[in-house]
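Here's the letter readout for the chains.
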Amino acid sequence: MDVNGTVAEGFEPVREAFVRNFEVLGERGAAVAVYRDGHRVVDLWAGTKDVDGTKDVDGTADSAPWERGTTQIVRSATKGVAAAALLLLHQRGLLDLDAPVGEYWPEFKAAGKERVLVRHVLSHRAGLPVLDRPLTPEEALNPLRGAEAVARQALVWEPGTDHGYHALTYGWLLGELVRRVTGRGVGDWIAEEIAGPVGADLWVGLPAAEAGRVGRSGRVEAPGNAGGLRSRPKRSVTEAYDDPASLTRRAFAAITPFPDQNDPAYRAASLPATNGIATAEGLARFYASLVGEVGGGPRLFTPGTLAAARAEESAGPDQVLVINTRFGLGYMLHGSASPFLDAGSFGHPGRGGSLGFADPESGIAFGYVTNGFSKTVTADPRAQALVRALRAALPA
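Residues numbered from 1 in each chain as written. Predicted model: local features only at pLDDT ≥ 70, side-chain atom pairs only at ≥ 80, totals over all residues. Heavy atoms only, no water.

1. Digging into the sheet that holds strand β5 (residues 202–203)
- What the three strands build is an open sheet, ordered β4-β7-β5; its pairing is antiparallel. The strands lining the two open edges of the sheet, one partner per strand, are β4 (72–73) and β5.
- Judged from the two bridges that link them, β5 and strand β7 (residues 277–278) form a sheet pairing that is antiparallel. The residue of β7 that forms the bridge with W203 is I277. (Pairing = 2+ DSSP bridges. Helix = DSSP H or I, 4+ residues; strand = E, 2+ residues; numbered from the N terminus.)

Given below as structure tokens:
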């Protein structure tokens, strides 16, 4: 495997795990980046830009290779970037986390939702994981239609009393709050207030000028037992995904049918739950900037905001994912559902592969993107192999 990029001394295990992902775990094209204390210590990429890239009989590539600037859709890893928008608005005194959502968005109060707090949105406790009438792909590309649908929707549970992953509705809830508070779309706000200042290659709503950098993504099957991790979900989880009436199935079907993620129109839309596009380096740089300065850029979170982001808000059985999950304010926390580096780590995976997180205690920030999406939801074997290698590379 021709792996490009660099690793700092001591981080060679990450490179070895990255190579093994291609040799054993069915990787097609991917990149991984790691920062430590604001300095990049891992920056690797390999494979083809497009998931369906092949090779001619003489071994030469007939699909473009993955390059350092190749970007990829990161699915729900977008949620971690989007969460920073609300937390920064709170940090700036423009948004009260304990205020009702309806204080900023009066139409949202319909159908008995007066008691839904901003905090509930970030911690997946709002009780709005589904839409009784799913949006069509065309409707979903208009963020105003998604916000209108969520505003009409009745609660599934009393806000704050339970938690369940708001797979798609999270994006409309968060995006409309940003629009109501700032007057700007969430994608524009992220570009101007987060990605631009810290120099991170990531977008929620891809500019036309960047379209040529994005690789084509698709489904891949991991061979064998997926690197030693349990490859078969529990029966209850499988049944939940198979049952059209379950909260699980309905949450992921809030857009039906789901749009083609390779469609330029989907990539250009602003869906802060699902369609962020980034380089691995950009994702890692974003998380590094939450916890410290990078290359002279600003540190985004104050110590107080950082503490709030990773303080446990939700834990235990997830009403949607049907496994035990842990959430802070907008971020998954280290646990069995999505292992990060250590107990204090916070971040967000993307369904089927991508992952970004930070671990303030060790100064580590991590980003992994891939063009091949597996069946996993929160803990992809390729990402986990890289995390284990990173953990092994750090001093005890």
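On we go.
2. Overview of the side chain of S270
- Of note, S270 is situated in the loop between α11 (264–268) and β7.
- Among the polar contacts listed, one links the side chain of S270 to the backbone nitrogen of G187, at a separation of 3.4 Å.
- Apart from residues lying up to four places away in sequence, S270 is in contact with P143, V186, G187, V204, G205 and N275. (Polar contact = N/O pair within 3.5 Å; in protein donor to acceptor, adjacent residues only side chain to side chain. Contact = heavy atoms within 4.5 Å.)

3. Looking at the nonpolar core
- Counting residues in hydrophobic clusters, the biggest one holds 126 residues, and the most contacted among them are W172, L290, F301, Y331 and F366.
- Here the element with the most residues in this core is helix α2 (residues 78–91); it accounts for nine residues.
- The contact partners of Y331, leaving out residues within four places of it in the chain, are G80, A83, A84, L87, F286, Y287, L290, F301, A309, R326, F346 and G347. (Core = buried A, V, L, I, M, F, W, Y, C linked by side-chain atoms within 4.5 Å. Buried < 20%, exposed > 50% of the residue type's maximum accessible area, 1.4 Å probe, protein only.)

4. Things to note about the confidence of the model for the chain
- Overall, the predicted model of the chain reaches an average pLDDT of 94, with 94% of residues at or above 70.
- Every residue in residues 225–231 scores below 50 in pLDDT, and together they form nine contacts with partners more than four places removed in sequence or on other chains. (pLDDT = per-residue confidence, 0-100.)

5. Concerning the pattern of salt bridges
- A full pass over the atoms with the stated rule returns 25 salt bridges.
- Close ionic contact of R310 with E361 constitutes a salt bridge, the shortest N to O distance being 2.9 Å. Of this pair, R310 sits in the loop between α13 (303–309) and β8 (314–317) while E361 sits in the loop between β12 (355–359) and β13 (364–370), and the two are 51 residues apart along the sequence.
- Overall, the relative accessible area of 24% leaves R310 in the partly exposed class.
- Residue E361 is classed as exposed on the basis of its relative accessible area of 56%. (Salt bridge = Lys/Arg side-chain N within 4 Å of Asp/Glu carboxyl O.)

6. A closer look at the packing of aromatic side chains
- Taken as a whole, this structure holds 12 aromatic pairs when the rule is applied.
- Here the aromatic rings of F286 and Y287 are separated by 4.9 Å at their centres, their planes lie at 70°, and the arrangement is edge-to-face. Take F286 and Y287: they sit in the same class, and that class is buried.
- Relative to F346, the ring of Y331 has its centre 5.1 Å away and its plane inclined at 90°; by these criteria the two rings are edge-to-face. Here Y331, found in the loop between β9 (324–327) and β10 (332–333), pairs with F346, found in strand β11 (residues 346–349); they are 15 residues apart in sequence, far enough to count as distant. The same class applies to Y331 and to F346, which are both buried.
- Each residue in the set Y165, Y241, F252 and F327 is aromatic and connected to the rest through ring pairs, giving one cluster.
- One Lys or Arg, K113, reaches over the ring of F108 and ends 5.0 Å from the middle of that ring.
- Sitting over the face of the ring of F252, R351 holds its NZ or CZ atom 4.4 Å from the ring centroid. (Phe/Tyr/Trp six-rings, centres within 6.5 Å; stacked < 30°, edge-to-face > 60°. Lys NZ or Arg CZ within 6 Å of the ring centre and 35° of its normal.)

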